[in-house]
Every structure is written in structure tokens, then in C-alpha cells.
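Chain and residue survey
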Amino acid sequence: MGFFSSIFGLFGFGAGISVGLVVGYFFFIYFQPTDVQDPDIRPLTEQNSESLQRLLSELPLWVKHPDFDRVDWLNKFIEYMWPYLDKAICKTVKEATAPMIAEQIPKYKIDAVEFETLTLGSLPPTFQGIKVYTTEEKELIMEPALKWAANPNVTVAVKAFGLKATAQVVDLQVFVQPRVTMKPLVPSFPCFANIYVSLMEKPHVDFGLKLVGADLMSIPGLYRFVLEIIKDQVANMYLWPRTLDIQVLDVAKAMRRPVGILTVKVLRATKLKKKDLLGASDPYVKLRVSEDKLPSKKTTVKHKNLNPEWNEEFNLVVKDPQAQALELHVYDWEQVGKHDKMGMNVVPLKELPPEELKTMNLNLVKSLDAIDSQNGKGGRGQLEVELTYKPFKEENMPTESNDFGTLMEKAPEGTPAGGGLLVIIVHEAQDLEGKNHNNPFVRILFRGEERKTKQIKKSREPRWQEEFQFTLPEPPTNDKLHVEVISSSKRIGLLHPKESLGYVIINLADVVTNKRINEKYHLIDSKNGQIQIELQWRTSS
């Protein structure tokens, strides 16, 4: 009996498990509990403010304000670089505060003030978002939202009368939204001359302060009093429109603004080398300052003369006397065809003593190439000139800025007393549409004179950044400026190798009144085209 009872027991156990699994699976599939409800799934846009606060305890600014951009890449970069940034910032703080502390401690009869420990902790600041503004001026404006819940360890020791006291700053929290303006933008690295920082609202600051091991901020009333003082002091110094000004570059050097005038008097040339086969040559002189986009000055043509006398005077603008040079080229005028080069020479401006007349007799050469074999074959003649470099005085240097933050210069010496200098700066164009091609350049017409920018090929949004100057005997109050954008192509077979992309006529009365105008103009005969033109009227007063 024992054997059979064991066999039947095992059989019943296996049969019971099999039946139980089948019945359980049947109930699991075909019977649903009545106390379970389907979740209510709705998009975030349909949630109320309380539900959103429960779901997301802290919304980043790029969610609440669409004009703020995400900068996760920047936060990731700072996170990786923070151990090195921490050491670099702390080192800079120590070096910057050392002279200030050394200057102040004698006033209070303190022996020494030094950092025992200085570290910003392991938690880097994070940017919740950043807003960037676009303007018509040469500036970049951005508003980053910065939050920093740090664990710094800053311990300062003060020694006086043989005693030592320590103060420690811990558990720092800073929430701030500054406005950072970088202007003016310049063509020298880092491409901006000044940084202006201001706060758009009072910052939130929270920290712990331990003195001799005790947390002073735990004293009732002292915590809020100290924080309010800090907020008010920071707001009084940097709350917009007040700014913290940081100079990065010298604007005059970075913008290559005029620093002086070079007066050149071309006296005469002697023993010029004959270029024409029949008869004498017809020489004239072209002169310019190197690294300058302004057109060259020219003397009159002396016909059939190898020893001409001019006695003609010219004024040239100097922007960097240490790097620039005066270039003198003598040409043989031809009525038809290309003018022949008779010789040239260069005078570095750094060799000219300021405010001192210097007469120079220059030997003309074919080129400045030392290995040019033509330079040593016979004389090309001499050119005699008088040079005077007159640097601007401090009171005449451009130091004050206008409402736009751009330095306004005065007209150079030699400008007519009742007149001035009209400056036209062609910045850029947008949405240009040519029917056959888009190779735009700008043509400027003013009082019968024509000036052109360089041509930019295959571009609907070209940037020129070219400057043109007109010296006028009187203000152009009743004058108009004609600006036209033209596209041209040299491809063979085109029916229209040149076409107009639009034009604009600007009344110059406003620039005489306001001294400076920087605007975008809609191009006439263009669907959406615009061009940005800056106009300045500079006087000597």
C-alpha cells in the first residue's frame, strides 16, 4: 500500500498544479478587476498650473519663455571643465585681491589678511537659458539666466595684535540674470572692445557664514538683514541701466581709427628714365598710405618732361604709424592704353619724427623686391618730397561715444571751416533676388562722383563693411545719396550680364542734424531686398 499511495500522491500533485495554472491563466485573461481604472493621459498644454508644478517642481526658462534658448552644450562643457576652471578662477581671485588687501590693511592696523582655503566646490553653475538680442548696431547683447547652488570652502584669516580670527563662507546659492553687452564689434581678436554687464533684477543670494566655528547666519534677524544689504548694494552698483564696464581692447587701435595726418608735398623729380620711344615721357605721381582702402592721391601730369616740378601738397589719414608706410609711384601717362610704371619707393612712417618737416630725396626703383634684377640696371631717377606727420592731440582723439556706443571722430585737419567729412559705410544687404545671377556690388553716386564696393559672388546676403569718405566745403543739407545694388556676370552667352537688384535714395539732411544714422533701407524695385547703410557727418568742431 505504501508504494501505491506514493504513486497516487505524485500524480495528484502534478495534476493539481496543471489544472491550477490553466484555471489561473483563464481568470487572468478573461476577468478584469473592477477597482483599476485606465490612467488619464493628456498633453502638457492641457494641464493646469498646479498639475505642472507637481510634475515639474522647477521649470527651466526655455520652457516658460520661448525667446530663451537651451544651452545644454554649455552646461556640459562647464561640467567637464569645472575642476580646472575652479583652480584658475581661485588663482585669479588671489592675484587680483592681493594688491587691494595690501593697500587697505595699514588703514585698519591689521597685520595680514589671507586665504587659508579657497575653492568653489565641486558643483558648477548652470545656465537655465539664454536670450540674444539683435540690433542694427555693432554690438552683441545677451541675457543668460544663471543658477548656482555651490558647496564652496572659502576661509579667510585675519591677523592683528598677535591674534587670529577666521571667517568661513559655506553653502552659497546665487540666482542672477545679467545683461551682457559686447560692443563695439571690431576686426581684431576677440572681436569686441568692451564688455558692459548689468543686472535686470535684484539677484538672489544665500550663504552661510561661520566665525570661530559658529554659524552667524543662524542668529535671528541677522540672516535677513545681511542678505538684504548685499542685494541692495549689488543692485545700486549694477542694476540696469547702471553697468560694470570692462575694457578688453583699445578701441582706437582695434577699429584702426585715425591717429594723425601725414602731409606730403611732392616737389620735383629728376633724371627720370624715358619710357616712350618717341619724345619724352608724361610723368605723374600716385601716393597712398599702405593698409588703407581709400583711393590714391594723384598729382597733375607734366607732359614731355623728365625733370618735372609739381610743388603739390596732399593730406593723408594715418591709423597706425608703426605699421603703415607711404607708397609713392611714378607713372608715365598714356592717352590710350595702360600707364607705364617709371619707378616707386616707400617711406615707413615710423621713421618720421612727429611735428617735424623732413625733406627726402628718394631713389626710384622698379619694385621693393631685393632680388629683382631690374632694380640695379641703371638709374630710374629721384623723387624729392617733404613729409610732416602730425599726430592728433589728446583732446582731438575720439574718446567720447554717442548714444549708440560708437566712437564719433572729428574731421581731419585741413577740412574746410564750414564743411566737414561725410562718411558712408556700406554694411550688408539681405534677401537680394537677381533674375539671372546674384553677384552683388554697391554703386554710390554723390555729387557726380561714383564709388563702388567689391563684388561678392553667388550671395543673396552679402557683407561688405566698406567705408567711403567725401570732404565737403559745406554741410550736405539739401543733397541726396543714390545707392544701387548691382549684379554682374562675365559668363559668355548671357543676355543680361548686368542687372539692378534695387536702389534707394537717401536724404542727407538727417545725418547733418543727428551726426550719425545707421539704418536698414528697403530697396526700390526689389521684392524683399534690404541694405544697411551707416552715415556719419564729422566736423572739426
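Just so you know, these numbers come straight off a predicted model, no measurement behind them.

**Looking at the packing of aromatic side chains**
A complete count under the given rule lists three aromatic pairs for this structure. Ring centres 5.8 Å apart and planes at 20 degrees place the aromatic pair Y284 and Y331 in the stacked group. Note that Y284 is positioned in strand β12 (residues 283-289) and Y331 in strand β15 (residues 325-332), a separation of 47 residues in sequence. One exposure class covers both Y284 and Y331, and it is buried. Ring centres of F446 and F470 lie 5.2 Å apart, and the angle between their planes is 65 degrees; on these two criteria the pair is classed as edge-to-face. Of this pair, F446 sits in strand β20 (residues 440-446) while F470 sits in strand β22 (residues 463-472); the two residues are 24 residues apart in sequence, bridging distant segments of the chain. Above the plane of the ring of F175 lies K147, whose end atom (NZ or CZ) is 5.2 Å from the centre. When the ring centre of F470 is taken as reference, the NZ or CZ atom of R451 above it lies at 4.4 Å.

**Comments concerning a nonpolar patch on the surface**
The grouping of F77, Y80, M81 and Y84 at the surface amounts to a nonpolar patch, some 490 Å² of accessible area in total. On the secondary structure map, Y84 appears in helix α4 (residues 72-104).

**Some points on the pattern of salt bridges**
Under the counting rule described, the total for this entry stands at 17 salt bridges. A salt bridge links R268 to E309, with the nearest nitrogen and oxygen atoms 3.7 Å apart. Of this pair, R268 sits in strand β11 (residues 260-270) while E309 sits in strand β14 (residues 309-318), and the two are 41 residues apart along the sequence. Taking the relative accessible area as the measure of exposure, E309 reaches 44% and is therefore partly exposed.

**Focus on the confidence of the model for the protein**
Low pLDDT marks regions whose predicted coordinates should not be analysed in detail. In the predicted model, the protein carries a mean pLDDT of 79, and 76% of its residues have values of at least 70. Within the model, the stretch residues 398-407 combines pLDDT values under 50 with 22 contacts to residues more than four positions away or in other chains.

**Things to note about the pairing of strand β7 (residues 192-199)**
Burial analysis of β7 places six of its eight residues in the buried class, which makes it a mostly covered element. Of the strand pairs in this sheet, strand β6 (residues 178-185) and β7 are connected by seven bridges, and their pairing is antiparallel. Each residue of the ladder has a partner; that of P178, found in β7, is L199. Two successive antiparallel strands, β6 and β7, enclose a turn made up of six residues, where C191 displays a positive phi of approximately 80 degrees. With four bridges connecting them, β7 and strand β10 (residues 244-247) associate as antiparallel partners. Counterpart to Y196 in the pairing with β10 is D245.

**Observations concerning the environment of I424**
Examined against the element boundaries, I424 turns out to sit in strand β19 (residues 420-430). As for I424 and L481, which are separated by 57 residues in sequence, their C-alpha atoms are 9.7 Å apart. With residues up to four places along the chain from it excluded, the contact list for I424 reads I444, E466, E467, F468, F470, L481, I533, E534 and L535.

**So, unusual backbone geometry**
Note that the residue after K183, namely P184, is joined by a cis bond; omega there is -15 degrees. Turning to its location among the elements, P184 is positioned in strand β6. The backbone of D431 sits at a positive phi, close to 55 degrees, despite the residue not being glycine. Relative to the assigned elements, D431 resides in the loop between β19 and β20. Relative accessible area serves as the criterion here: at 30%, D431 is assigned to the partly exposed category.

**As for the nonpolar core**
Counting residues in each nonpolar core, the largest one holds 29 residues, and the members touching the most others are L422, L481, I531 and I533. Secondary structure elements with two or more residues in this core: β19, β20, β22, β23 (480-488), β24 (498-507), α7 (509-514), β25 (516-522) and β26 (530-538). V285, V289, V347 and L387 belong to the second-largest nonpolar core, a separate cluster that totals 27 residues.

**Re the environment of V156**
Assignment of secondary structure puts V156 in strand β4 (residues 153-160). In this structure, the C-alpha to C-alpha distance between V156 and T166, residues 10 residues apart in sequence, is 5.6 Å. The contact partners of V156, leaving out residues within four places of it in the chain, are V113, E114, F115, A165, T166 and A167.

**Remarks on the sheet that holds β15**
Read from one edge of the open sheet, four strands run β13-β12-β15-β16, paired in antiparallel fashion. Edge positions in the sheet fall to β13 (297-298) and β16 (340-348), since each has one partner strand and no second. Here two bridges tie β12 to β13, and the two strands are oriented antiparallel to one another. Bridging across to β13, L287 finds its partner in K297.

**As for the sheet that holds strand β17 (residues 358-363)**
Strand order in the open sheet formed by four strands is β14-β11-β18-β17, with antiparallel pairing between adjacent strands. One side of each edge strand has no neighbouring strand; the edge strands of this open sheet are β14 and β17. With direction set aside, neighbouring strand axes in the sheet form an average angle of 25 degrees. Where β11 and strand β18 (residues 382-391) come together, 10 bridges link them in antiparallel fashion. Counted as the bridge partner of K265 is E386 from β18.

**Description of a positive patch on the surface**
Residues K457, K458, K490 and R491 make up a contiguous surface patch of positive charge. Structurally, K458 is set in the loop between β21 (449-452) and β22. Relative accessible area serves as the criterion here: at 77%, K458 is assigned to the exposed category.

Rules used throughout
- Residues numbered from 1 in each chain as written.
- Predicted model: local features only at pLDDT ≥ 70, side-chain atom pairs only at ≥ 80, totals over all residues.
- Heavy atoms only, no water.
- Phe/Tyr/Trp six-rings, centres within 6.5 Å; stacked < 30°, edge-to-face > 60°.
- Helix = DSSP H or I, 4+ residues; strand = E, 2+ residues; numbered from the N terminus.
- Buried < 20%, exposed > 50% of the residue type's maximum accessible area, 1.4 Å probe, protein only.
- Lys NZ or Arg CZ within 6 Å of the ring centre and 35° of its normal.
- Patch = residues over 30% accessible without salt bridge, like charges linked within 9 Å, V, L, I, M, F, W, Y side chains within 5 Å.
- Areas by Shrake-Rupley, 256 points an atom, 1.4 Å probe, with all protein chains shown as cover.
- Salt bridge = Lys/Arg side-chain N within 4 Å of Asp/Glu carboxyl O.
- pLDDT = per-residue confidence, 0-100.
- Contact = heavy atoms within 4.5 Å.
- Pairing = 2+ DSSP bridges.
- Core = buried A, V, L, I, M, F, W, Y, C linked by side-chain atoms within 4.5 Å.
- Axes fitted to C-alpha atoms, helices over the stretch in contact; angles between N-to-C directions.
- Lys, Arg positive; Asp, Glu negative; His and termini not counted.
- Charge placed at Lys NZ, Arg CZ, Asp CG, Glu CD.

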